[in-house]
Amino acid sequence: MIEIDWYLALSAVLFTIGLVGVLIRRNAIVIFMCVELMLNAVNLTLISFSSYHGDVTGQILVFFSLAVAAAEAVIGLAIILAIFRNNLSVDITKVNLLRW
Amino acid sequence: MEFTAILFYVFAILTIGSASIMVFSKNIVHSAFALMFTLIGVAAIYVLLYADFLAATQLLVYVGGILILILFGVMLTSQESAKLNFKTVTVNVVPASILSVTALVLLTYVFTTTQWASRNLETPQETVEILGTMLMSDYLLPFIIAGVLLLIAIIGSILMATRLNSKPTESN
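Fair warning: this is a prediction, and the values are worked out from it, not measured in the lab.

### A short note on the overall build of chain B
Helix and strand content of chain B: seven helices and zero strands. Along the chain direction, N to C, the helices and strands of chain B fall in the order α-α-α-α-α-α-α. Here chain B displays about 11100 Å² of accessible surface, and carbon together with sulfur accounts for 72% of that area.

See the structure below:
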């Protein structure tokens, strides 16, 4: 019998790995993958709470979160493609048009 | 040690290891494939939590959909870089490490010191029927709104990803 703490700790570790990736990588697509990983970590938290409370409502929330993640993936990749067409690069340090 | 505990540790190590490979790999294609193993590991942990429908949905939506989209993005934006090493693909390593370690410590502290009012994991029950009934009765309006959101996302991404400056030729 695994305590709920282990699932939550796994979720925290996954979220942190995603956070590191978002902060240190230059390539926009890798940043995008790390955002997906962070979304997965939060979903894991929701599902573990839902299962350990014996209430299925938390899984409904994860279901809608999956739908929003799919929409976000499609829009994000379209934006990355548009940036690539303008800059010929997906390096985010070169996308500095709005920077002071 | 119980069988489910062993399974949990195996899948947790698989998930964390491939997530680390995804973040620290130099090659983008390697990152994408490591993301696949991470998502499969998370789906297996959903199964251990008796969320069978969501595990299947995770495999279908993430591994079958989003990962393919990401691979297409990698192919469409690929470029030969002069030198790929850890220095050239990363930026701001030191402040990011400090911030992330702080976040990890805070999250684990909160998660492990709080007394969760949790019961034990109940005996496995079929969640598909319960979820379907709830989606069609109590959560009908959010379900429809999610469908409309996905439709709008498809239209918007087609608009953004198509070249707008090339005028369509008149065929007739």
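### Some points on the overall build of chain A
What chain A contains, in helices and strands, is three helices and zero strands. Moving toward the C terminus, one meets the helices and strands of chain A in the order α-α-α. Projected onto its principal axes, the C-alpha positions of chain A cover 50 × 25 × 20 Å. With 100 residues in all, chain A has 61% of them scored as buried. In chain A, the proportion of contacts linking residues at least 24 apart, taken out of those at least 6 apart, comes to 58%. Positive and negative charge centroids in chain A, built from 5 and 6 side chains respectively, lie 26 Å apart.

### Examining the UniProt feature "transmembrane region" (unreviewed entry) in chain A
Within this structure's numbering, the places UniProt gives as "transmembrane region" (unreviewed entry) are residues 6–24, 29–49 and 61–84 of chain A. Overall, residues 6–24 of chain A shows 100% helix and 0% strand. The separation of its end C-alpha atoms is 27 Å.

### With respect to the layout of surface pockets
Space inside the second largest pocket adds up to approximately 320 Å³. Every residue lining the second largest pocket is counted, 15 residues in all, and those nearest its centre are Leu77, Ala78 and Leu81 of chain A together with Leu76 and Ala161 of chain B. Counting residues per element, the ones that place at least two in the lining of the second largest pocket are helix H3 (57–87) of chain A together with helix H3 (52–76) and helix H7 (140–161) of chain B. Taken together, the residues that form the lining of the second largest pocket break down as 11 nonpolar, two polar and two charged. In this structure, the lining of the second largest pocket is formed jointly by two domains, domain 1 (1–79) and domain 2 (125–165) of chain B, each of which donates at least three residues.

### Digging into the interface of chain A and chain B
On the chain B side, the residues contacting the 68 residues of chain A number 83 residues. Summing both partners gives a buried area of about 6900 Å² for chain A against chain B, and 77% of it is carried by carbon and sulfur. When residues of chain A are sorted by the area they lose upon contact with chain B, Ile24, Arg25 and Met33 of chain A head the list and together hold 9% of the total. One can count zero salt bridges joining chain A with chain B. Counting every contact that joins chain A to chain B gives seven residue pairs in polar contact (both at pLDDT 80 or more). Counting only elements with at least two residues in the side of chain A that touches chain B, the list comes to helix H1 (4–24), helix H2 (28–53) and H3 of chain A. Among the elements that make up the side of chain A that touches chain B, the one with the highest residue count is H3 of chain A (22 residues).

### Quick look at the side chain of Ser48 of chain A
Mapping Ser48 of chain A onto the fold places it in helix H2. For Ser48 of chain A, a relative accessible area of 0% corresponds to the buried category. Not counting the four nearest positions on each side in its chain, Ser48 of chain A is found in contact with Ile4, Tyr7 and Leu8 of chain A together with Leu49 of chain B.

### Observations regarding the domain arrangement of chain B
One can read the domain layout of chain B as domain 1 (1–79) and domain 2 (125–165). Inter-centroid distance (C-alpha atoms) of domain 1 of chain B to domain 2 of chain B is 23 Å.

### A short note on the UniProt feature "transmembrane region" (unreviewed entry) in chain B
Residue and element names in this part refer to chain B. On the UniProt side, "transmembrane region" (unreviewed entry) is annotated at positions that read residues 6–25, 32–53, 59–77, 89–111 and 139–161 here. Along residues 6–25 one finds 95% helix and 0% strand; the C-alpha atoms at either end are 28 Å apart. Its end C-alpha atoms 33 Å apart, residues 89–111 is made of 87% helix and 0% strand.

### Overview of unusual backbone geometry
One non-glycine residue, Leu88 of chain A, lies in positive phi territory at about 55 degrees. Relative to the elements of secondary structure, Leu88 of chain A occurs in the segment after H3.

### Observations regarding the pattern of salt bridges
Residue and element names in this part refer to chain A. Using the criterion set out here, one finds one salt bridge over all chains in the structure. Asp91 is the salt-bridge partner of Arg26, the closest N and O atoms lying 3.4 Å from each other. Highlighted residues: Arg26 in the loop between H1 and H2 and Asp91 in the segment after H3, separated in sequence by 65 residues. Of the residues examined, Arg26 reaches a relative accessible area of 22% and is grouped as partly exposed. Its relative accessible area of 14% is what places Asp91 among the buried residues.

Rules behind the numbers
Residues numbered from 1 in each chain as written. Chains lettered and ligands numbered in written order. Predicted model: local features only at pLDDT ≥ 70, side-chain atom pairs only at ≥ 80, totals over all residues. Heavy atoms only, no water. Helix = DSSP H or I, 4+ residues; strand = E, 2+ residues; numbered from the N terminus. Areas by Shrake-Rupley, 256 points an atom, 1.4 Å probe, with all protein chains shown as cover. Buried < 20%, exposed > 50% of the residue type's maximum accessible area, 1.4 Å probe, protein only. Contact = heavy atoms within 4.5 Å. Lys, Arg positive; Asp, Glu negative; His and termini not counted. Charge placed at Lys NZ, Arg CZ, Asp CG, Glu CD. UniProt positions renumbered as here; feature names shortened; annotations may be inferred. 1 Å grid on protein atoms, 1.4 Å probe; cavity = no way out; pocket = protein on both sides within 12 Å on 5 of 7 lines; lining within 4 Å. Points joined across faces, edges and corners; volume = space filled by probe spheres on them. Nonpolar A, V, L, I, M, F, W, Y, C, P; charged D, E, K, R; others polar. Domains from an automatic or database assignment. Buried area = accessible area lost by both parts, 1.4 Å probe. Salt bridge = Lys/Arg side-chain N within 4 Å of Asp/Glu carboxyl O. Polar contact = N/O pair within 3.5 Å; in protein donor to acceptor, adjacent residues only side chain to side chain.

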